[in-house]
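For reference, the chains in residue letters:
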Amino acid sequence: QKEVEQDPGPLSVPEGAIVSLNCTYSNSAFQYFMWYRQYSRKGPELLMYTYSSGNKEDGRFTAQVDKSSKYISLFIRDSQPSDSATYLCAMSVYYKLSFGAGTTVTVRA
Amino acid sequence: EAGVAQSPRYKIIEKRQSVAFWCNPISGHATLYWYQQILGQGPKLLIQFQNNGVVDDSQLPKDRFSAERLKGVDSTLKIQPAKLEDSAVYLCASSFGIREEAGEWETQYFGPGTRLLVL
């Protein structure tokens, strides 16, 4: 069993729709939870991070963590074609990151 | 602020050949990471340096992969000899480093990666 499981998709949505992404994990030692966005032929860039259960909002993005269920989510509201990318969840214990496989999202204009 | 620089961007080699990748981290960043990202998978940590010392190389295939970070700045990752399964994107990342006041996590900034194809 992988430490971090993420549905690779792909996911295709119309512009303006809500995008819902999620990951599950097995290692209860993970303390920090992140979402990275990776455009084609680019390196991952950090979108959001959190270390506690609950919701965290940043503009159109909401990250949700449920430590009791070992489940994290990312919601993108009012999605735009520029949001088309691969979204990677990542989790950290003492500076070491473990990534999910990434979900490829396409937002259709 | 300049980002993490990597070169070359692309490399095609035949199996059993050797190859080297170079990384220049963000100025002032003490910690440097090398990741391997196989198509359709998330990045997997190969090695982590703090200044010029190795913090974690538990997932580095040491029979063929080697890495060094001289003077605690630039780093090179070498594969010798390459195998078909080494075809991947090799990502370098850097962060400020392990600091007591930062807790136990630091933002990692990634370079654009080097795409390696082994034929």
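Right above here is the structure, for reference.
Residues numbered from 1 in each chain as written. Chains lettered and ligands numbered in written order. Predicted model: local features only at pLDDT ≥ 70, side-chain atom pairs only at ≥ 80, totals over all residues. Heavy atoms only, no water.

So, about the pattern of salt bridges. Residue and element names in this part refer to chain B. Following the criterion strictly, the structure yields 6 salt bridges over all chains and no others. Note that Lys62 is salt-bridged to Asp57, the shortest N-O span being 3.7 Å. Overall, the relative accessible area of 26% leaves Asp57 in the partly exposed class. The residue Arg64 makes a salt bridge to Asp86 at a minimum N-O spacing of 2.5 Å. Of the two residues, Arg64 is situated in the loop between β6 (53-56) and β7 (65-68) and Asp86 in the loop between β8 (75-79) and β9 (88-95); the sequence distance between them amounts to 22 residues. Taken individually, Arg64 and Asp86 each receive the classification buried, so the pair is uniform in this respect. (Salt bridge = Lys/Arg side-chain N within 4 Å of Asp/Glu carboxyl O. Buried < 20%, exposed > 50% of the residue type's maximum accessible area, 1.4 Å probe, protein only. Helix = DSSP H or I, 4+ residues; strand = E, 2+ residues; numbered from the N terminus.)

Residues and elements named next belong to chain A. Ordered by their spatial adjacency, 5 strands build an open sheet running β1-β3-β8-β7-β6, and the pairing between neighbours is antiparallel. Either end of the sheet is taken by a strand with one partner, and the two such strands are β1 (4-6) and β6 (54-58). Adjacent strand axes in the sheet meet at a mean angle of 20°, parallel and antiparallel pairs treated alike. Two elements, β6 and strand β7 (residues 61-66), share 5 bridges in a ladder whose sense is antiparallel. (Pairing = 2+ DSSP bridges. Axes fitted to C-alpha atoms, helices over the stretch in contact; angles between N-to-C directions.)

This part takes up unusual backbone geometry. Note the cis peptide between A:Gly9 and A:Pro10, where omega equals 5°. By the element assignment, A:Pro10 lies in the loop between β1 and β2 (11-14). For the bond running from B:Ser7 to B:Pro8, omega is -10°, close enough to zero to count as cis. Phi at A:Arg41 is positive, roughly 65°, even though this residue is not glycine. Look at A:Arg41 and you get partly exposed, because its relative accessible area is 45%. Backbone geometry at B:Lys71 places phi at a positive 60°, although glycine is not the residue there. Turning to its location among the elements, B:Lys71 is positioned in the loop between β7 and β8. On the basis of relative accessibility, which here comes to 81%, the residue B:Lys71 falls in the exposed class.

What the rule picks out here adds up to 11 aromatic pairs over all chains. Here A:Phe99 and B:Phe110 contribute two aromatic rings whose centre-to-centre distance is 6.1 Å and whose plane-to-plane angle is 75°, an arrangement assigned as edge-to-face. Separated into two different chains, A:Phe99 in strand β10 (residues 96-99) and B:Phe110 in strand β10 (residues 109-110) make up a pair that spans both. A centroid spacing of 5.0 Å and a plane angle of 25° characterise the contact between B:Phe21 and B:Tyr90, whose relative ring orientation is stacked. Linking B:Phe21 in strand β3 (residues 19-24) with B:Tyr90 in strand β9, this pair joins segments that are 69 residues apart in sequence. Across the pair, exposure class does not vary: B:Phe21 and B:Tyr90 are buried alike. Every member of this aromatic cluster is reached through a ring pair, and the members are A:Tyr36, A:Phe99, B:Tyr33, B:Tyr35 and B:Phe110. Across from the ring centre of A:Tyr49, 4.3 Å away, lies the NZ or CZ of A:Lys56, which sits over that ring. (Phe/Tyr/Trp six-rings, centres within 6.5 Å; stacked < 30°, edge-to-face > 60°. Lys NZ or Arg CZ within 6 Å of the ring centre and 35° of its normal.)

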